[in-house]
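Residue-level listing of the chains:
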Amino acid sequence: MSQTDNYEAAASGASKDVASFADDGKGMLGKIQHALHVNPALVPLIVLISAIIVFGLVLGSKFFSPFALTLILQQVQIVGVLAAAQSLIILTAGIDLSVGAIAVLCSVIMGQFAFRYGIPPVFSVICGLAIGTAIGAINGFLVSRVKLPPFIVTLGMWQIVLAANYLYSANETIRSQDIEAEAAFLQFLGSKVTLGGATFTLGVILMIILVLALAYALRSTAWGRHVYAVGDDPEAAELAGVNVTRTLMSVYMLVGFICGLAGWVMIGRYGSVSPSATTGVIGNIQAITAVVIGGISLFGGRGSILGAFFGALIVGVFELGLRMAGADPQWTFLLIGTLIIAAVAVDQWIRKVSA
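Nothing here was measured: the structure is a model prediction, and the numbers come from that model. Going along each chain's sequence as written, the residues are numbered from 1 onward. Totals for whole chains, interfaces and linings use all residues, but because this is a predicted model, local features are given only for residues with pLDDT of at least 70 and pairs of side-chain atoms are given and counted only at 80 or more. Water and hydrogen atoms were dropped before computing side-chain values, which therefore reflect all heavy atoms in the structure.

*Asks:* Would you take a moment to explain helix α4 (residues 66–91) for this structure?
*Replies:* An α-helical segment advances 3.6 residues per turn. Residues three or four places apart therefore align on the same side. The angle between axes fitted to the seven residues ending at a residue and the seven residues starting there is what we call the bend at that residue. A run of H or I in DSSP counts as a helix once it spans at least four residues, and a run of E counts as a strand once it spans at least two, with each numbered from the N terminus. Of all the bends in α4, the largest measures some 55° and sits at Q77. Counting buried positions along α4 gives 21 out of 26 residues, so the element sits mostly inside the fold. A positive backbone phi angle near 70° is found at A93, which sits one or two residues after α4. Using a 1.4 Å probe on the protein chains alone, a residue whose accessible area is under 20% of its type maximum counts as buried, one over 50% counts as exposed, and one in between counts as partly exposed.

Have a look at this one:
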């Protein structure tokens, strides 16, 4: 063996020793930190399972009943869909304060087009989805082309959409009985399906399919990798050949479309179409809450949309569990607020792995 070969062998052995020492130096805490960094949905999943177990032990069989567990899914279906939309924006290091208002406007569009203009309900739904996508395109254009901050753009759009919602509808509510009699397709996602003794609405099934589809797209497609790259470092992504403008436009347009789906889910959930639905005001906060508790970093580029889904379920479990236990509703807000702060603290701790 030549002297060069001996040197390379020694260097290789030394590098292995250094790597081994680094791994040993991590300790158990470091390994946990690394595992959470690689699997960002793990923390909210652990919290969700723990919450279910605790409430199950306290409340017994009435909490573990198929009715109670499927009721949680029914209660979070709107927030779950909005959280899926919000996740995409936050992964790009932005934030969208208009998702709830867009969802309400899309539901109003669907109802008004069917009843005011006599458009068939199927096409009314399509029109609502198209308008949601168009509003998302406007947001995307202002963020990606005009280079305005996402917070400012969506804050302004939130106010514009809320005002347009009331002006266009004249604050008119379309009753559930009228929709059922004349435009039943608008309530399609409220239809119920029984599986193994549990009852699900089509809105719940849509939410689950949407989350799984987006999780696959983000994890296994070039578009998904571009979304993460733009959120992590847009300048580096641009240098690597990613079209940042096109990626942001696609994200905001997709978010607008998903908000349209959320509006359709709203009609199925409530039965009626109301421009004063609370989702327009607090829907964005609920979605952000689910995303943050779900472990998606507010700094962008890290997180899993499954985590946001788990975050929405965590809120639903706490709300139902505390209500069934007869606790003061304020405890729900207290615990959720604590979870939000804890989630951000854990995110900062995990981010040290990649620092």
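*Asks:* Looking at this model, I keep getting lost on the environment of V211. Mind explaining?
*Replies:* Along the chain, V211 falls in helix α9 (residues 202–220). Linking V211 and L306, residues 95 residues apart in sequence, is a C-alpha distance of 6.7 Å. Only heavy atoms enter the contact rule, under which two residues are in contact if any of them lie within 4.5 Å. For V211, the contacting residues outside a window of four places in its chain are I305, L306 and F309.

*Asks:* Would you mind showing me how to read the confidence of the model for the chain here?
*Replies:* Note: predicted coordinates in regions of low pLDDT should not be interpreted at a detailed level. Confidence of the predictor at the level of single residues is given by pLDDT, which spans 0 to 100. The predicted model of the chain averages 87 in pLDDT, with 88% of residues at 70 or higher. Confidence drops under a pLDDT of 50 for residues 6–25, and excluding neighbours within four residues, the segment shows two contacts in the predicted structure.

*Asks:* Honestly, the pairing of strand β2 (residues 198–201) in this entry has me stumped. Any pointers?
*Replies:* Sheet faces and side chains relate simply in a regular strand, where the side chains alternate between the two faces. For two strands to be treated as a pair, DSSP must find at least two bridges joining them. In this structure, strand β1 (residues 192–195) lies alongside β2, joined through four bridges in antiparallel fashion. By the bridge assignment, K192 is partnered in β2 with T201. Hairpin connection, β1 to β2: the antiparallel pair is bridged by two residues, and G196 has positive phi, about 60°.

*Asks:* Whenever I open this one, the packing of aromatic side chains confuses me. Can you help?
*Replies:* Within a pair of aromatic rings, the relevant descriptors are the distance that separates the centres and the angle that separates the planes. Working definition: a ring pair exists when centres of Phe, Tyr or Trp rings (six-membered ring for Trp) sit within 6.5 Å. Plane angles under 30 degrees give stacked, over 60 give edge-to-face, the rest tilted. For the coordinates displayed, the defined rule picks out eight aromatic pairs. Considering the side-chain rings of F55 and F63, the 5.8 Å spacing of their centres and the 35° angle between planes classify their relative orientation as tilted. Its relative accessible area of 10% is what places F55 among the buried residues. Ring centres 6.2 Å apart and planes at 25° place the aromatic pair F188 and W264 in the stacked group. Taken as a pair, F188 in the loop between α8 (176–182) and β1 and W264 in helix α12 (residues 244–270) lie far apart in primary sequence, 76 residues in all. You can call W264 buried: its relative accessible area is 10%. Among the aromatic residues, those joined into a cluster by ring pairs are F55, F63, F64 and F318.

*Asks:* Just to check I follow, could you spell out the nonpolar core for this structure?
*Replies:* The tendency in soluble globular proteins is for nonpolar side chains to be buried side by side. As used here, the term nonpolar core means buried Ala, Val, Leu, Ile, Met, Phe, Trp, Tyr and Cys residues forming a set that is joined through side-chain atoms within 4.5 Å. One finds L82, L186, V255 and L313 to be the most contacted residues of the largest nonpolar core, which totals 95 residues. No other element matches the 15 residues that α4 contributes to this core. Sequence-distant contacts of L186, defined by excluding residues within four places in its chain, comprise M110, G111, A114, F115, P121, V125, I179, W264, I267 and G268. Formed by five residues, the second largest nonpolar core is a distinct cluster that contains I95, L97, V292 and A343.

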